[in-house]
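Take a look at the letters that make up each chain.
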Amino acid sequence: MSNWNSFTKKIAIKTPIDEVYQAWSTQKGIESWFLRCAIYTSTDGKKKAPNELIEAGDTYLWHWHGYPDTVNESHKITAVNNKDKIQFGFTGNCLVTVTLSSLKDQTIVSLKQENIPDDDNPKTNLLVGCGEGWTFYLANLKSILEGGIDLRNKDEEISDVINS
């Protein structure tokens, strides 16, 4: 197997950097383009309000459209800076870092997923599966922030499609 244990995906979004940060760093924001349900819990065990910013040490429980509640992710927010960087644990003990930067009138979103375990099985290969998933969801983030069209499949009876 290769030693490909990380990938980076980038997208340009014609939206101010603070709005893009909000879309990543609050329950309300991340549910608008990525998740069906996001529950953030602070280090003292309190559930965060929908518009409350996440903080390092918070934990999350995420559910997607098109999947039952048994399909979920639960990890820790490892770093935030309240302006242009968020880092969190993800499936398979991976680490995802999202950094935002401005270029001309656009925000460049750079997502790096690392610590991907080697796996030759295409059904469980995180390099392939997560790479494909993040490509779609970053495009959906752009779509939502620039024009409001949500590209996600929200019907559990429709499966094996790229948009869920």
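Up top you'll find the structure we're talking about.
(A) Structural detail: the nonpolar core. Formed by 37 residues in total, the largest nonpolar core has its most connected members in W24, W62, F88, F90, V109 and W134. Per-element tally for this core: the top contributor is helix α3 (residues 126-147), with 9 residues. When residues no more than four places from it in sequence are discounted, the contact partners of W24 are I30, W33, Y40, I54, I86, F88, V98, V109, L111, W134, L138 and L141.

(B) Structural detail: unusual backbone geometry. Even without glycine at this site, N115 takes up a positive phi of about 65 degrees. One non-glycine residue, D160, adopts positive backbone phi at about 60 degrees. Here D160 is to be found in the segment after α3. By relative accessible area, which is 80% here, D160 ends up exposed.

(C) Spotlight on the side chain of S164. Mapped onto the elements of the fold, S164 is located in the segment after α3. The exposure class assigned to S164 is buried, which follows from its relative accessible area of 13%. Discounting chain neighbours no more than four positions away, the residues touching S164 are H65, G66, Y67, Y137, N153 and I158.

(D) Focus on the pattern of salt bridges. One pass over the structure, following the stated rule, counts 9 salt bridges. When the shortest N-O distance is used, the salt bridge between E114 and K112 registers 3.9 Å. What makes E114 partly exposed here is its relative accessible area of 22%. K142 is paired through a salt bridge with E146; the nearest N and O atoms lie 2.8 Å apart. Placement of the pair is K142 and E146 together in helix α3, with a separation of 4 residues, close to one helical turn. A single salt-bridge network, built from bridges that share partners, covers K48, E52, E55 and D58.

(E) Broad picture of the pairing of strand β5 (residues 85-90). With respect to burial, β5 is a largely interior element, 5 of its 6 residues being buried. In terms of strand pairing, strand β4 (residues 72-80) meets β5 through 3 bridges, oriented antiparallel. Pairing of V80 across the sheet is with I86, part of β5. In this sheet, strand β6 (residues 94-103) lies alongside β5 in antiparallel orientation, the contact comprising 6 bridges. What sits directly across from F90, in β6, is C94. Counted between consecutive antiparallel strands, the loop separating β5 from β6 contains 3 residues, among which G92 sits at a positive phi close to 65 degrees.

Parameters at a glance
Residues numbered from 1 in each chain as written. Predicted model: local features only at pLDDT ≥ 70, side-chain atom pairs only at ≥ 80, totals over all residues. Heavy atoms only, no water. Core = buried A, V, L, I, M, F, W, Y, C linked by side-chain atoms within 4.5 Å. Buried < 20%, exposed > 50% of the residue type's maximum accessible area, 1.4 Å probe, protein only. Helix = DSSP H or I, 4+ residues; strand = E, 2+ residues; numbered from the N terminus. Contact = heavy atoms within 4.5 Å. Salt bridge = Lys/Arg side-chain N within 4 Å of Asp/Glu carboxyl O. Pairing = 2+ DSSP bridges.

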